Protein chains: 6
Amino acid sequence: MTSGEYGPENGLLVPRFAGRSTFARIPEIDRVPDYDVAILGVPFDGGTSYRPGARFGPQAVRQASRHLRPAYHVELGCSPLEETRVADAGDVAANPFSIDEAMAAIERQAAIVGQGSRRIIAIGGDHTIALPMLRAVARKHGPVALIHFDAHLDTWDTYFSAPVTHGTIFRRAFEEGLLLEERSIHAGIRGPIYGPNDLIEDRQMGFRTIRATDLPIIGISAAIEAIRERVGEAPVYLSVDIDVLDPAFAPGTGTPEVGGLASRELLQLLRGLKGLGIVGCDVVEVAPAYDHAEITALAAATVVFEMIALFWQGSR
Amino acid sequence: MTSGEYGPENGLLVPRFAGRSTFARIPEIDRVPDYDVAILGVPFDGGTSYRPGARFGPQAVRQASRHLRPAYHVELGCSPLEETRVADAGDVAANPFSIDEAMAAIERQAAIVGQGSRRIIAIGGDHTIALPMLRAVARKHGPVALIHFDAHLDTWDTYFSAPVTHGTIFRRAFEEGLLLEERSIHAGIRGPIYGPNDLIEDRQMGFRTIRATDLPIIGISAAIEAIRERVGEAPVYLSVDIDVLDPAFAPGTGTPEVGGLASRELLQLLRGLKGLGIVGCDVVEVAPAYDHAEITALAAATVVFEMIALFWQGSR
Amino acid sequence: MTSGEYGPENGLLVPRFAGRSTFARIPEIDRVPDYDVAILGVPFDGGTSYRPGARFGPQAVRQASRHLRPAYHVELGCSPLEETRVADAGDVAANPFSIDEAMAAIERQAAIVGQGSRRIIAIGGDHTIALPMLRAVARKHGPVALIHFDAHLDTWDTYFSAPVTHGTIFRRAFEEGLLLEERSIHAGIRGPIYGPNDLIEDRQMGFRTIRATDLPIIGISAAIEAIRERVGEAPVYLSVDIDVLDPAFAPGTGTPEVGGLASRELLQLLRGLKGLGIVGCDVVEVAPAYDHAEITALAAATVVFEMIALFWQGSR
Amino acid sequence: MTSGEYGPENGLLVPRFAGRSTFARIPEIDRVPDYDVAILGVPFDGGTSYRPGARFGPQAVRQASRHLRPAYHVELGCSPLEETRVADAGDVAANPFSIDEAMAAIERQAAIVGQGSRRIIAIGGDHTIALPMLRAVARKHGPVALIHFDAHLDTWDTYFSAPVTHGTIFRRAFEEGLLLEERSIHAGIRGPIYGPNDLIEDRQMGFRTIRATDLPIIGISAAIEAIRERVGEAPVYLSVDIDVLDPAFAPGTGTPEVGGLASRELLQLLRGLKGLGIVGCDVVEVAPAYDHAEITALAAATVVFEMIALFWQGSR
Amino acid sequence: MTSGEYGPENGLLVPRFAGRSTFARIPEIDRVPDYDVAILGVPFDGGTSYRPGARFGPQAVRQASRHLRPAYHVELGCSPLEETRVADAGDVAANPFSIDEAMAAIERQAAIVGQGSRRIIAIGGDHTIALPMLRAVARKHGPVALIHFDAHLDTWDTYFSAPVTHGTIFRRAFEEGLLLEERSIHAGIRGPIYGPNDLIEDRQMGFRTIRATDLPIIGISAAIEAIRERVGEAPVYLSVDIDVLDPAFAPGTGTPEVGGLASRELLQLLRGLKGLGIVGCDVVEVAPAYDHAEITALAAATVVFEMIALFWQGSR
Amino acid sequence: MTSGEYGPENGLLVPRFAGRSTFARIPEIDRVPDYDVAILGVPFDGGTSYRPGARFGPQAVRQASRHLRPAYHVELGCSPLEETRVADAGDVAANPFSIDEAMAAIERQAAIVGQGSRRIIAIGGDHTIALPMLRAVARKHGPVALIHFDAHLDTWDTYFSAPVTHGTIFRRAFEEGLLLEERSIHAGIRGPIYGPNDLIEDRQMGFRTIRATDLPIIGISAAIEAIRERVGEAPVYLSVDIDVLDPAFAPGTGTPEVGGLASRELLQLLRGLKGLGIVGCDVVEVAPAYDHAEITALAAATVVFEMIALFWQGSR
């Protein structure tokens, strides 16, 4: 690939197991004049409550993205990597020993990379990184609607007296006014919680929830409709915790929860978001040390590809 | 946790990766004055016909139970570990070299731990352990209805001339009069069998069967209805062989069979049993050496949590 | 087992973890007077574009076939290994360093093993091996209808200027006139492609496609109907790339693609083919180095067992 | 390979990942007119006290033996598979549920396979299988000297009141008079024991011991000298528990013990036995579920190859 | 085991894969009247610079300690678990989100558990935990000599401006006056460093070093002599970073370094410390997510057993 | 790092798990004005006879090189990445389907990257890639001395009639006159061979051999002396097949052979080469699918670091 060109390296000329190590082998950010979408690695897992290791997520997702033949998206009918200028923005150098410093560094970098009309897809790292991403996004767009795929609500208050962890970020976002009232929604939630109050408070923060067990009952289409209705015309931040998938589909994560979604369901749900006003995204909680045969990282890489296509669809 | 208190250690004070190694970090049986439900490890795999290793099942399930935030069960609307007094009864010291001695030791220990109105959830071990559990239960309650989730019927006659193995225990239970006539049911059965006679004999022993392939056709609700109708008001023994799940969801087991249930389906089925008169339970055939990222053990731990909730529901 | 006998070794006399290493412990081809169906290992992976290792597929599938209790097939109501004379034909000695020589050796061996009315089920190896199999089959039966389960179309033109690779064989088969016009169908296809032209050309070669995302919408029965209608009375070659399954169900493969089928779905689809005029089969792309706990190999072994049953059904 | 021929399949014509699944791809016992050495699989692990799974040892060792280029042994200067007639005798069908029946079946099969001047190398299985092997050998040769490579003495009395387990067989052998007085030796022993009495009793049974920690101090040559001197001209049974290797070299075993031998050391020690009157051998305790990348099974397969060479050397 | 008794559960009555989950199945601290040595889990890995996960170390080491037959130590000629009163003190509830709070909690707990003449062996956790251990020890004993087995010096200054991490603790200890001048020694050091100054400063802090490459040259005995001479009669803190072993022997660690010690060498070195005035110990950096077949955890458990024996030897 | 700067990213500012994916995070070749040494990935494994997958070697070695703190080399007393200008030259786009085309592409790229006085360290890929590397090197320097660390001679003639495979390249190199007469040496050789002729022919091609079993007998220093004497003042090509290490140290390789070197031994041998006239290097046969916890890739990355240091030493 010549410097200045966009798009992935040509898989018919350079084998996919060769060539550069960026997401989908697209160019690095400083090799192109400008870009519409940046893929930003955020290797921080200091907010993890159970199995750590999501700091290796960005590398693993990039490596798994070699599997993609990332040209034409059949279901959405577009070639997002050709029609959108996408660049790999590298990794934020987040301090592994200080949540506060890491949050600041991530927000700072997100602000720089996402300047103007540029969009970011962040690859975590644990879910903590969604908070600085939301801060950066809200600074530009004002409060946003949140579409949140996850096994967990992540609206707990504190954990070990720490206010910013991977289980508390959306409460912080709510408190900071980063989220639009009555426009946010969780999908895929399941598993035991600390108490019924968790649900009540979550609802008071303006969230609605599609539980994992609701999905086979209401069906994918109704779920999509519920999400679309919820967010309406608002600017949307899309956050995908890979543990929304069942551990069978995503073993490589820190707090797996059985009874989750199949990857086909998640892809169908994501494709149902086309045309929404998505202004920022993240895919988080890939912990490669627990992955097998790259299946979790591949699921996450595919989600990133869907997100790029959604940006393209949203921008038309 | 102070001695004498019930319930799991507080995950907000003691990280889940720390603290005691009991199921869900609940107290050991000798640290509480009394209990309603006991979790009993039965590390015996001497009845295994193919991949051994379920002797490490109790440890693995306990370890995976650290993943649980075992407080409020949203779907069943209860906090079973707070509202029920649950204790970890440790492991039966079953002789690994003698099926007969092991059976006797398990039955003996089950009788002691399950005295009076106390209930046991046994964590296997291979499925052989269901026989002494049934013996202990039937001695107290008389013959019981069996709800049996499994890929296999386990009503074969002998294997290598051994009458008590993980594939023959329900025939033995039938012969010993431990099971109610026409009240028992298998669910999740699949895979080739030795001959059509296997099915005929199984039916003659009074079993009905919901095959794994029936489930997507009749739907979860109808399956639940069929099970509830089958067992009616009878005292129920609930036995879950983890291989009822597809190998994708439960690779860590001795005789995996493709075409199985998703974990979400199993959880839905289990929750459908609420209010039934369950008097004993087991979860068996977790073979950790074949597991990956604890997904099988976590599925089993979640099943145990569901069973505790069912006891609570059943006891109301 | 006495020489000259058919069928698997008796699992009640010889434990399944012992005894011969053929598929399902059936006799080797030179130990029986004749056979109806031969299982032929084709350990060649020189046409692999990404993760190699399918050369170890035949061994792994045979080893996993020890899990089978291969007697009575409940859903299809037959005992295929008793009612059909099945033999293990060993492995083709395919040159690992030359695609051309390997293709010739495979075709030659397939012609010999498949003489007369005998049928072959080939265990790959990568998907490249389907081309010489089709050549051998078409030489006997003329052009055939292709039923093709896969995540990928495999009708690309060349890859690195190589005409015969695991992604191009069905285009070659079409060009060579091995396939009947308008009688072939892909099922399970998904993932991004190089461009919309891929689909157009595929259609021009006479293929129809059931995408993985179509399945939950149209349902299994309608999918079966579509396939049956497509192939009609034609002689059928059935090719199953194990990556038609989701990576959760088949991690051990070279080019996994998320959003795939559950193993239960695949089995249901295969059973729906009963009575069709199947004249040859393959199961390909099991790469054991990426497998876990044999789940991919077990899925493939089960597919082989279904194919044997289909031959029996088709021959009635 | 034509029926009746000896030696492995030609690796230059049939790739090592193809072809038959016998040890080193040598012929099966019923395909050759006669043989000097038989490789006998003994897939029994019912005597295992900790991690089970050695029942899969014979298959794993045969599979790993494909790695061998088993022609010319440089250090011993011979081509044992060409100069000796070696056959794969398949597996003993040992009852997995009864130690007694299994012992009887193994001894019976060993007697048949080892008739006349024929020699057996048994592939376990757990160490329990050494007892029936010794019984069969002693019946022919009278009491033998034992050269025993292991981390453990295996001369304990009973375990859970079972007299025959993988930790007690050499005491049983001593009691039964299968061992020559003052001619036996353990090498590689290490790890804590139940009490000092273990050592005293072991010595009273006539064993001498080279501990693992002795080796780097006295050196390999002195160790070889000590072993040779100990056994002298006696008929020798050579038993290699793969856990004599450090877990780094042999993770795939049931009772690993740190501080063990490097594989190079073990090979040097074995080669030092050349010319001794070895009349029977076993390699035991390969538990493939705990192996990685076949390294344990490959070590065991290499030991079997060394044993064949020793038979050839001894027979000159 | 009756409450109040010391020593491990009897492995001849309760299989080692059953029974309690404490280190070597010894009693928990609150079940015995008093103790000489406490095993204290310190599941903290917030100071890790590369692969995290040592928070699961204490559980993994306890689980692996089931492998031990922890009675008689042949080389040291003692039965440490019978002759010393050892108890498992459970885990420190260290805050995973704050290094400072965690350090305080560890020191506090170490002070309580180590009161009077009681000794602690801490199981990490990452190496950061050695600092609060040293603080607690030095408060009682004054400055100590440090015997430090590790691949790395751990005397760097700061990392990402954090003063207390797993690579900086011994510089902090030096600055705080916790270490005796000219009495401390590193052994096993290897790998590239940031600059030659690292070595100079380390020496200025009073350390001497036996590099991993020195060992085969000078020999184990000379190395032991050097260590003994260095520490003399001083009170000694013994810290073993499991990465002192080569990655072949200890893959399950956060910052592996090739060219390390064999486990046999480490055991020999440790046994050479007998009689020294050891007042505190730790074993750190076991990261189970990277372990295989428990070999790293087993090495660490064996080191703990050696330490208990050293305490017994030292106390005579 | 600013464009144009040399050396790795600063590990104290950018965590090693973040930042660019080049070898040791050094700059890519087109970001620096010039360089002395280039690291060239050669992801080709089409010449593999057994376990494939070395095509993923370059990525794996680069990823493992993040473990390095690649500044000061204590034993060689230099900071090679600061004192030498090293760049990552990316990967050769070698055709995976044609050995001939791949050989040509590799040689072409090596010629370009290695122009003038620039040196290359190639990361394989399988050993086949050493042939085009030697061709490129010999075109510049004339015939070279070969120092070859490997378990295997790699001087076989053909395999399946293919002249260029990973087991035949040094015979081809000899025939093509790329090697100096009587200046080449193998070290680490072991395992059975096809016949004694293999050794004779190897010797006739001018090789000498230090077998793996020789090493503990003659000692490392004598081995170094033998190598140095052999090559003398000649220009040297240094080729390290990672399988020279024992499978315990390097499981992730295609044709492992037990009885190999410890990683410490290999490092000592390599450091003994300092001052020799090394003009080209490769590290080959890392097959990550068989690796565990990156230990093989880390060993290879460390070897690359040693080679850089040797270049620096050689250039003084």
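The preceding data block contains the structure.
Residues numbered from 1 in each chain as written. Chains lettered and ligands numbered in written order. Predicted model: local features only at pLDDT ≥ 70, side-chain atom pairs only at ≥ 80, totals over all residues.

1. Re the interface of chain A and chain C
- Taken together, the contacts link 27 residues of chain A with 24 residues of chain C.
- If you list the elements that add at least two residues to the side of chain A that touches chain C, you get α9 (263-271) and α10 (295-314) of chain A.
- For the side of chain A that touches chain C, the element with the most residues is α10(A), which contributes five residues.
- Across the side of chain A that touches chain C, the residue classes break down as 16 nonpolar, seven polar and four charged. (Contact = placed C-beta atoms within 7 Å. Helix = DSSP H or I, 4+ residues; strand = E, 2+ residues; numbered from the N terminus. Nonpolar A, V, L, I, M, F, W, Y, C, P; charged D, E, K, R; others polar.)

2. Thoughts on the packing of helix α8 (residues 220-231) of chain A against α9(A)
All names here are of chain A.
- In contact at an axis separation of 9 Å, α8 and α9 are set at 40° when each is read in the N-to-C sense. Considered as vectors, α8 and α9 are oriented oblique to each other. Seen from above, α8 lies across α9 with right-handed handedness. In this structure, α8 contributes I220, A223 and I224 to the contact, and α9 contributes E265, Q268 and L269.
- Among the residues forming the contact of α8 with α9, the class breakdown is four nonpolar, one polar and one charged. (Axes fitted to C-alpha atoms, helices over the stretch in contact; angles between N-to-C directions. Parallel < 35°, antiparallel > 145°, perpendicular 65-115°, else oblique. Left-handed = near helix turned anticlockwise from the far one by under 90°.)

3. Thoughts on the environment of S263(B)
- Relative to the helices and strands, S263(B) is located in helix α9 (residues 263-271).
- Note on S263(B): 28 C-beta atoms within 10 Å, which makes it buried.
- Separated by 44 residues in the primary sequence, S263(B) and G219(B) place their C-alpha atoms 15 Å from one another.
- For S263(B), the residues in contact, after removing those within four places along its chain, are D246(A), V258(A), G259(A), L245(B), F249(B) and A299(B). (Buried ≥ 20, exposed ≤ 12 C-beta atoms within 10 Å, placed from the backbone.)

4. Here's the deal with the arrangement of the chains
- Left apart from each other, chain C and chain E have a closest C-alpha approach of 14 Å.
- These two, chain B and chain F, are apart from each other, with no contact and a minimum C-alpha gap of 14 Å.

5. Some words on the relation of the copies chain E and chain D
- Mapping chain E onto chain D is achieved by rotating through 120° and translating by 0.0 Å along the same axis, at an RMSD of 0.0 Å. Given the turn and translation reported, the copies of this chain are related as if by a three-fold rotation axis. Within chain E, A248(E) has its C-alpha nearest the rotation axis, a separation of 3.1 Å.
- Looking at chain E, a mere 7% of its interface residues are interface residues in chain D too, so the copies touch through different faces. (Least-squares fit on C-alpha atoms with pLDDT ≥ 70 in both.)

6. Regarding the pairing of strand β5 (residues 184-189) of chain E
Residue and element names in this part refer to chain E.
- Burial analysis of β5 places six of its six residues in the buried class, which makes it a mostly covered element.
- Regarding the hand of the β-α-β motif, the stretch spanning strand β4 (residues 145-149), helix α5 (residues 169-175) and β5 is right-handed.
- Pairing between β5 and strand β6 (residues 207-211): five bridges, direction parallel. Opposite I185, over in β6, you have R208 as the bridge partner.
- Crossover connection from β5 via helix α6 (residues 196-204) to parallel β6: handedness right-handed. (Right-handed = clockwise from strand over helix to strand, strands pointing away. Pairing = 2+ DSSP bridges.)

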